[in-house]
Amino acid sequence: MRLRLDPRLRAVLNEIRCYTLADIGCDHGRIAVGALLEGRAEKVLAIDKSAASLHKCKLLGEEAGVQDRLDCRTGDGFEPVKEGEADFAVIAGIGGREIVHILEKANYRGKLLLLPHQDSHELRRFLSGRYHIMKDFVISCGGKYYCLIVASQGGYNYSEAEIYFGRNLPQSDDYLNMLAAERVKLSKIVCGNHLTEGEIVQKWKEAEKLCQKYGISSNG
Ligand SMILES: C[S@@+](CC[C@H](N)C(=O)[O-])C[C@H]1O[C@@H](n2cnc3c(N)ncnc32)[C@H](O)[C@@H]1O
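Residues numbered from 1 in each chain as written. Predicted model: local features only at pLDDT ≥ 70, side-chain atom pairs only at ≥ 80, totals over all residues.

Engineer: Before we move on, could you go through the nonpolar core and cite the residues and values that matter?
Structural biologist: Side chains of nonpolar character tend, in soluble globular proteins, to be buried together. In this structure, A46 and V90 are the most contacted members of the largest nonpolar core, which totals 63 residues. Formed jointly, this core draws a minimum of three residues from each of two domains, domain 1 (7–170) and domain 2 (175–214). Setting aside residues no more than four positions away along its own chain, V90 makes contact with V12, I16, L21, D23, I24, I31 and L113. (Core = buried A, V, L, I, M, F, W, Y, C linked by C-beta atoms within 7 Å. Buried ≥ 20, exposed ≤ 12 C-beta atoms within 10 Å, placed from the backbone. Domains from an automatic or database assignment. Contact = placed C-beta atoms within 7 Å.)

Written out as structure tokens, the structure is:
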């Protein structure tokens, strides 16, 4: 069976290599089932706080014939995962603030793949100094930009520019395109409303500095 995977899900799967994967917020199950079908994990703990979402994952697992290695559990964040039970965890398609709540409560020490669908700066502020950031790059998918962060235990201090726009690690054109688009969007807000202070102004200033660093002209 071949799963339909968009560039965002493809990028997530490409990063997974483990024995037991915990897929937190598994919903449709394409990450959980894809990891088993592609031999990226031996076992998957598929977790979702919604029983209806988890059911979709269970059905996909049965359709793909991987149900023996797919353990579906209802619950909040890592709550249904015992300590040491998983060596890799994915939390994707959930807001940055909610991911922070999940991590604050977690008793999990393995490798993490985080893909917030919004508020990525809030997630990075939390990770900064607490986690080693192995990767932080941008993926373009369906007209939107997403950031994908791979982290482990340790400590990396993000700079203010990185808090907003990531590390561009590994480097990609998607990052440069995201930066150019963000700069245009932020300029319109800041200049249109004559803003002189606040987080949006700070973010715009960081975008301007980064565009200069990467030689991105004001035309994009
Ligand atoms: C938009 S879907 C993302 C599905 C998939 N991970 C992806 O990236 O395509 C978000 C899912 O996360 C679940 N979810 C949100 N917060 C959660 C939490 N604290 N614990 C477990 N599941 C959660 C929701 O019920 C929903 O099914």
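Engineer: Explain the site of the ligand to me, using residue names and the numbers behind them.
Structural biologist: In the neighbourhood of the ligand, 17 residues make up the surrounding shell, with G25, D27, S53, A92 and G93 lying closest. Mapped onto the shell around the ligand, the elements with two or more residues apiece are β2 (43–48), β4 (88–94) and α4 (96–105). Counting residues per element, the shell around the ligand draws most heavily on β4, at 3 residues. Here the shell around the ligand is composed, by residue class, of 7 nonpolar, 5 polar and 5 charged. (Near = placed C-beta within 6 Å. Helix = DSSP H or I, 4+ residues; strand = E, 2+ residues; numbered from the N terminus. Nonpolar A, V, L, I, M, F, W, Y, C, P; charged D, E, K, R; others polar.)

Engineer: Now, about unusual backbone geometry: what can you tell me, with residues and values included?
Structural biologist: Omega for the bond connecting L169 with P170 falls within 30 degrees of zero, at 0°, which places this linkage in the cis form. Notably, H194 is not glycine yet its phi reads approximately 50°, a positive angle. Topologically, H194 is positioned in the loop between α7 (173–192) and α8 (199–214). Looking at H194, the number of C-beta atoms within 10 Å reads 6, which means it is exposed.

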